[in-house]
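# Descriptive structure summary
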Amino acid sequence: MLTRRKFLGTTACTVVAARLHLQGQSNARVALSIPKDATGPHIPIDFFGLSYEVQQLADPTFFSAQKSGLIREFKALSSTGVLRLGGNTSEFAYWKPKPDSPEPEHPQVREVVGEPKAHYYAVTPEAVGNLGEFLQATGWNCIYGIGMGTNTPARSAEEAAFVAETLGDRLQYFQIGNEADLFDRHLRDPKTWSAKTYLQEWRALARAIATRVPAARFGMPDVASKVSWLTEIADAWPPVQGAPRVTTLTHHYYFGGPATNPEVNIPNLLKPATMQKVQNTASTASAAASKMNARVRMTEGNTCYRGGKPGVSDVFAAALWSADYSLLLASNDYSGINLHGGTGKSVANSVGGILPGDSLLEAKGETPEEIAAHPHPFYTPIGTFGSDYVLEPVAYGLKFAGSFSGGTLLKTDFSTKLQDAGINATAYAAKLRGGHTSVIILNKDAAADLEVELDFGRDTSGVVQTETLHAPALDSREAHITTSAKTDSLKQGKCFVTVPHATGLRVTLS
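So, here's what we can say about the structure.

## Regarding the overall build of the protein chain
Helices and strands together make up the secondary structure of the protein chain, namely 15 helices and 21 strands. Relative to a compact globule of 510 residues, whose C-alpha radius of gyration would be 24 Å, the protein chain shows 23 Å and is just as compact. Expressed as lengths along the three principal axes of its C-alpha atoms, the size of the protein chain is roughly 70 × 55 × 40 Å. Sequence separation of 24 or more characterises 81% of the internal contacts of the protein chain that already satisfy a separation of 6 or more. Carbon and sulfur atoms provide 52% of the accessible area of the protein chain, an area that totals close to 20200 Å².

Here's what the structure looks like:
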């Protein structure tokens, strides 16, 4: 049987020929000058990461040293990433320190479409211990989410103490609560719930944790969409006495949703106006973080909320989106990004029990076998197919942009130049850790190829290597990163490259 992994491997060789056939149909031209000095934000070595539901820990073996296939794909994505555990299901977890520990009483909550049902589950020392071994095997660190919606200060502190001791240096910080700005839908009284009341409750849990773990660091408030909460919290922070150590302000981002929304499509995902909205959010978040002497991290997000949309979230267009989105956040001095995923069951549970994308495919007449060929959830960076794990297209975008990890961005006028050229493309440049200069150009245009003159400076010499992020088409269920076997030398400090439509190109000078 031809497995999906083998299929993707055999198609890689045909892509270059397909791209050459498509080139030259409608070209745009632009000249980009590369600054010599790296004066932009530094991209942390662990900038790129993934987000999973805490409910994955209900299966203590899911994150463990025995999960060789999952470990392989984590390491293929990044050797130094950050795993964030949180999601809607985190609000229905409870700490079970011993096998005979009784399940605590739970408060009454409301059942709302799109939110998880009140199905409680235990997180155990075994699961956390296995998680520690998994992190050690992958080389990744962890942002650990502790529930707020149905938790108590005492239980949160007991769990945090065990997590801190077990994960050690692999623990970046604790995140208390997930999408608290939506608690008024099902977990809190909508008449009284606000950023102010959230902060009061958060402080009670954070102080309990800090009492048991004096060195504890925290991220907050992990809002779904109300980035204005970051501003409100930053403004209210100075009077807080004995405040726990907050290192990171956090928010989520989904381009749109749910899958049944016709506005969630490839053209809208890739259009410049989408990234302008991202920039507006980043400006607000960064301003709030500076008031608290903190950084910003996008801890949960993807293309389409409630599990993604087939034909948008699981195709090559998502790779171009994730590469552009992550580098735009990096240029705004974010500390990192975590794209959400995991198993179909855990994500479905987080949004009420079903994935809307499945309903779309059923309505189109796809068979159960055809539906199973899609990753579940549809947006997951690492798909699960039986016992195999596969990097999905959206993960290839992260991996491609991840070549800048540990580097320092160069401040450029690329956006203006590309906009003036009338093409839907973006570009970023960085000085890498080894001292080499690298440029990533993302041609998101569906039709126009882009011819680029890269000017590194007349007195600059060196050898140019190229790497391509590509697929046969924007809606292809695959993605590839191919390093060219051919190198070229600068001529009077310049080189000329063509970036085919719907393609990413990285040019590195050494």
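## Digging into the packing of helix α10 (residues 316–331) against helix α14 (residues 393–401)
Interaxial distance between α10 and α14 falls to 7 Å at its minimum, and their mutual angle equals 35°. In this structure, α10 crosses over α14, and the sense of that crossing is right-handed. Contacts between α10 and α14 involve Phe316, Ala318, Ala319, Trp321, Ser322, Ala323, Ser326 and Leu327 on the former and, on the latter, Pro393, Val394, Gly397, Leu398 and Ala401. Each residue belonging to the contact of α10 with α14 can be placed in one class, and the counts come to ten nonpolar, three polar and no charged.

## Let's talk about the pattern of salt bridges
Scanning the model with the defined rule gives 17 salt bridges in all. With a shortest N-O distance of 3.3 Å, Asp333 and Arg295 are connected by a salt bridge. With a gap of 38 residues between them, Asp333 in the loop between α10 and β11 (336–340) and Arg295 in strand β10 (residues 295–304) connect regions that are remote in the sequence. Overall, Asp333 belongs to the partly exposed group, its relative accessible area being 36%. Across the pair Asp314 and Arg477 runs a salt bridge, and its minimum N-O distance is 3.7 Å. Linking Asp314 in the loop between β10 and α10 with Arg477 in the loop between β18 (463–470) and β19 (480–489), this pair joins segments that are 163 residues apart in sequence. A network of salt bridges, in which partner residues are shared, links Arg72, Glu73 and Asp388.

## What about the packing of aromatic side chains?
Per the counting criterion, the structure on display carries 19 aromatic pairs. Judged by centre distance (5.2 Å) and plane angle (75°), the ring pair of Tyr52 and Phe63 falls under edge-to-face. Highlighted residues: Tyr52 in strand β2 (residues 48–53) and Phe63 in the loop between β2 and α2 (68–77), separated in sequence by eleven residues. Phe63 matches Tyr52 in its accessibility class, with the two residues each being buried. Ring centres of Phe92 and Tyr120 lie 5.3 Å apart, and the angle between their planes is 65°; this geometry places the pair in the edge-to-face category.

## Some thoughts on the side chain of Ser346
Residue placement: Ser346 occurs in helix α11 (residues 344–350). A polar contact is formed between the side chain of Ser346 and the backbone oxygen of Thr343, at a distance of 3.1 Å.

## A look at helix α9 (residues 272–291)
With 20 residues, α9 ought to run about 28 Å at 1.5 Å a step, and its terminal C-alpha atoms sit 29 Å apart, in line with that. Residues of α9 that are buried in the fold lie against α7 (228–236), β9 (245–256), α8 (266–270), β10 and α10. Positive backbone phi, approximately 55°, marks Asn293, located one or two places after α9.

## Let's talk about the sheet that holds β19
Taken in spatial order, the six strands line up as β14-β15-β16-β21-β18-β19 in an open sheet, and their pairing is antiparallel. Whereas interior strands pair on both sides, the edge strands pair on one side only; in this sheet they are β14 (408–409) and β19. Pairing geometry for β18 and β19, over seven bridges, is antiparallel. Each bridged residue has a counterpart across the sheet, and for Glu467 the counterpart in β19 is Thr483. Contacting β14, β15 (425–431), β16 (437–443), β18 and β21 (503–509), α10 crosses the sheet at an angle of about 130° to β16. The strands touched by α14 within the sheet are β16, β18, β19 and β21, with β18 carrying the most contacts at an inclination of about 165°.

## Re the environment of Thr483
With respect to the helices, strands and loops of the structure, Thr483 is situated in strand β19. The spatial distance from the C-alpha of Thr483 to the C-alpha of Thr466 is 6.1 Å, given a sequence separation of 17 residues. Setting aside residues no more than four positions away along its own chain, Thr483 makes contact with Gln465, Thr466 and Glu467. Side-chain polar atoms of Thr483 contact the side chain of Glu467, separated by 3.3 Å.

## Details of the nonpolar core
Ranked by internal contacts, the top residues of the largest apolar core, which has 121 residues, are Phe63, Tyr144, Phe174 and Trp202. Excluding its chain neighbours within four sequence positions, the residues that come into contact with Phe63 are Tyr52, Gln56, Leu57, Leu70, Phe74, Leu83, Leu85, Asn130, Leu131 and Phe134.

## Points about the side chain of His252
In this structure, His252 sits in strand β9. Given a relative accessible area of 3%, His252 falls into the buried group. Here Arg84 takes part through its side chain, which lies 3.4 Å from a polar atom of the side chain of His252. Engagement of the side chain of His252 in a polar contact is seen with the side chain of Asp222, the distance being 3.0 Å.

How each quantity is defined
Residues numbered from 1 in each chain as written. Predicted model: local features only at pLDDT ≥ 70, side-chain atom pairs only at ≥ 80, totals over all residues. Heavy atoms only, no water. Helix = DSSP H or I, 4+ residues; strand = E, 2+ residues; numbered from the N terminus. Rg over C-alpha atoms; globule rule 2.2 N^0.38 Å. Contact = heavy atoms within 4.5 Å. Areas by Shrake-Rupley, 256 points an atom, 1.4 Å probe, with all protein chains shown as cover. Axes fitted to C-alpha atoms, helices over the stretch in contact; angles between N-to-C directions. Left-handed = near helix turned anticlockwise from the far one by under 90°. Nonpolar A, V, L, I, M, F, W, Y, C, P; charged D, E, K, R; others polar. Salt bridge = Lys/Arg side-chain N within 4 Å of Asp/Glu carboxyl O. Buried < 20%, exposed > 50% of the residue type's maximum accessible area, 1.4 Å probe, protein only. Phe/Tyr/Trp six-rings, centres within 6.5 Å; stacked < 30°, edge-to-face > 60°. Polar contact = N/O pair within 3.5 Å; in protein donor to acceptor, adjacent residues only side chain to side chain. Expected span 1.5 Å × (residues − 1). Pairing = 2+ DSSP bridges. Core = buried A, V, L, I, M, F, W, Y, C linked by side-chain atoms within 4.5 Å.

Functional significance is not addressed by these values, which are geometric in nature.
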